[in-house]
Amino acid sequence: MRPRSQLAGPSVLRGDDEVLRALLRRRDAGTRADGNRIALAVSGGGMRGAYAGGMVHALQETGLGDLFDAVYGSSAGAYVGAGLLVGSGRGSAHIFFEDMACRAFIDPRRFPRRPLVSLDHLLDDVLVHSKPLEWDRLRDSPVPLRVVATAADDLQPHVLEPTTSAEWKLALRATASIPLLAGPPVELHGRHWIDGSVTEPLPVLRALSEGATHVLALFTRAASELRRGAGSGPAPWARALDRIAPGLGMMAQEAHRHAPVLAILDDAAHPSRADAHLLAIVPEQDVGVRGLTTDVPRVRRAAREGYGAVTAALRRVRAEP
């Protein structure tokens with residue numbers, strides 16, 4: 001039987017609440033051994049990741065955070081997913097407004113002489129001192145984190161395969177690196193990699209292709225913004241990227257990159273969907289956080305919106321007869 005879709009309004013994404021029901025059954029049973037493969041796919045988007053951070057904070061607090069069989073993430077989504085897998089859902093939310101909404105991380109004055117975004121600050125300071133990431137625990141996690149990055153040679157998305165703690169740190173740098181904007185390509189296993197969200201901002205189709213029976217997709221854009229589509233023209237930094245690799249700047253900023261995922265969410269009979277259950281959780285409202293936003297109160301609101309979106313979805317499911 002095809003999954004039943006719901007549409008609560010013109011700007012709300014379709015979805016199948018069976019994904020949450022399956023997670024709740026696992027929680028109540030205390031085991032993942034139910035014959036399903038439940039995947040979490042987390043969207044990228046720079047500081048928009050605060051929305052997804054709030055969402056995984058809520059998933060962990062409600063006892064659902066350790067019930068997935070695989071976690072997929074691009075760019076900021078990979079960092080949020082890593083936080084969830086090492087048991088720091090709260091940190092995945094708070095890191096954005098406590099540690100990243102600042103000039104140490106994002107400073108337009110550095111551009112174009114140096115990268116506008118400092119991944120060194122994030123990886124070598126924040127994730128070492130303020131919110132330490134246990135790299136060994138991430139490496140040994142029984143639930144795999146599937147980090148998506150874009151190969152610089154073919155501009156195609158691929159899943160990285162780090163095997164050591166040092167390589168995991170390189171993988172998380174790679175999935176967030178954009179020349180000029182956030183640093184040069186990162187070398188890993190003989191290839192050079194850049195931001196995964198450039199080519200695959202939300203790895204739902206990848207999760208399905210790898211056998212997921214249920215996918216929970218966490219968006220970092222409100223539904224109204226997703227439906228609105230791309231903006232009017234390329235930003236200056238995007239034009240600079242196009243001079244490095246023709247087409248890269250346009251790929252890096254276009255909202256239509258989400259179109260394949262929206263298509264499969266909108267169509268329960270989509271051929272790529274088969275009989276899988278899909279549910280998208282989106283921020284309840286757009287609070288104005290974009291990829292480079294450093295307004296602390298606004299970023300904090302984004303994390304709260306994400307948290308509220310998950311708790312609202314769970315209330316809806318629990319209220320079912």
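Residues numbered from 1 in each chain as written. Predicted model: local features only at pLDDT ≥ 70, side-chain atom pairs only at ≥ 80, totals over all residues. Heavy atoms only, no water.

A. Expanded view of the overall build of the chain. When its secondary structure is counted, the chain shows 13 helices and eight strands. Classification of the 321 residues of the chain by burial places 57% in the buried group. In the form shown here, the chain has an accessible surface area of approximately 13200 Å², with 52% of it arising from carbon and sulfur atoms. (Helix = DSSP H or I, 4+ residues; strand = E, 2+ residues; numbered from the N terminus. Buried < 20%, exposed > 50% of the residue type's maximum accessible area, 1.4 Å probe, protein only. Areas by Shrake-Rupley, 256 points an atom, 1.4 Å probe, with all protein chains shown as cover.)

B. Broad picture of helix H13 (residues 296-318). Compared with the 33 Å implied by 1.5 Å per residue over 23 residues, the 33 Å span of H13 between its first and last C-alpha is a close match. The distance from a side-chain oxygen at the start of H13 to the backbone nitrogen of Arg-298 is 3.1 Å, and the residue carrying that oxygen is Asp-295. (Expected span 1.5 Å × (residues − 1). Polar contact = N/O pair within 3.5 Å; in protein donor to acceptor, adjacent residues only side chain to side chain.)

C. Here's a closer look at the side chain of Asp-195. Its location among the elements puts Asp-195 in the loop between strand E6 (191-194) and helix H8 (204-209). If we ignore the near neighbours within four places in the chain, the residues touching Asp-195 are Ser-75, Thr-150, Ala-174, Thr-175, Ala-176, Ser-177 and Ile-178. (Contact = heavy atoms within 4.5 Å.)

D. A look at the environment of Tyr-307. You can see Tyr-307 is positioned in helix H13. For Tyr-307, a relative accessible area of 26% corresponds to the partly exposed category. A C-alpha to C-alpha distance of 5.2 Å links Tyr-307 and Ala-58, two positions 249 residues apart in sequence. Excluding residues within four positions of it along the chain, Tyr-307 makes contact with Gly-54, Met-55, His-57, Ala-58 and Glu-61.

E. Expanded view of the pattern of salt bridges. Applying the stated rule across the entire model yields 22 salt bridges. A salt bridge links Arg-26 to Asp-69; its shortest N-O distance comes to 2.8 Å. You can see Arg-26 sitting in helix H1 (residues 18-29) and its partner Asp-69 sitting in the loop between helix H2 (49-61) and strand E2 (70-74), a full 43 residues away along the chain. Here Arg-26 and Asp-69 have matching classes, each one buried. Where Arg-206 meets Glu-200, a salt bridge forms, and the shortest distance between an N and an O atom there is 2.7 Å. Residue Arg-206 is classed as buried on the basis of its relative accessible area of 18%. On the accessibility criterion, Glu-200 (11% relative accessible area) is buried. Through salt bridges with shared partners, one network takes in Arg-26, Arg-32, Asp-34 and Asp-69. (Salt bridge = Lys/Arg side-chain N within 4 Å of Asp/Glu carboxyl O.)

F. Focus on the side chain of Thr-175. One can find Thr-175 in the loop between helix H7 (165-174) and strand E5 (186-188). Contacts of Thr-175, omitting those with residues within four sequence positions, involve Ser-74, Ser-75, Ala-78, Tyr-79, Val-147, Val-148, Ala-149, Ile-194, Asp-195 and Gly-196.

G. Spotlight on the packing of helix H4 (residues 89-100) against helix H5 (residues 119-130). Two elements in contact, H4 and H5, have axes whose closest approach is 12 Å; the angle formed by their N-to-C orientations is 110 degrees. With respect to their mutual orientation, H4 and H5 come out roughly perpendicular. Here the hand of the crossing between H4 and H5 comes out right-handed. When H4 is examined against H5, the residues Ile-95, Asp-99 and Met-100 are found in contact with a partner set consisting of His-121, Leu-122, Val-126, Leu-127 and Ser-130. Split by residue class, the contact of H4 with H5 holds five nonpolar, two polar and one charged. (Axes fitted to C-alpha atoms, helices over the stretch in contact; angles between N-to-C directions. Parallel < 35°, antiparallel > 145°, perpendicular 65-115°, else oblique. Left-handed = near helix turned anticlockwise from the far one by under 90°. Nonpolar A, V, L, I, M, F, W, Y, C, P; charged D, E, K, R; others polar.)

H. Structural view of the UniProt feature "active site" (unreviewed entry) in the chain. Per the UniProt record, the feature "active site" (unreviewed entry) sits at Ser-75 and Asp-195. With the annotated positions falling across 121 residues, the maximum pairwise C-alpha distance of 5.8 Å places them together in a single cluster. For Ser-75, a relative accessible area of 5% gives the class buried. Ignoring any residue separated from it by four or fewer positions in sequence, one finds Ser-75 in contact with Gly-44, Val-148, Thr-175, Ala-176, Asp-195 and Ser-197. (UniProt positions renumbered as here; feature names shortened; annotations may be inferred.)

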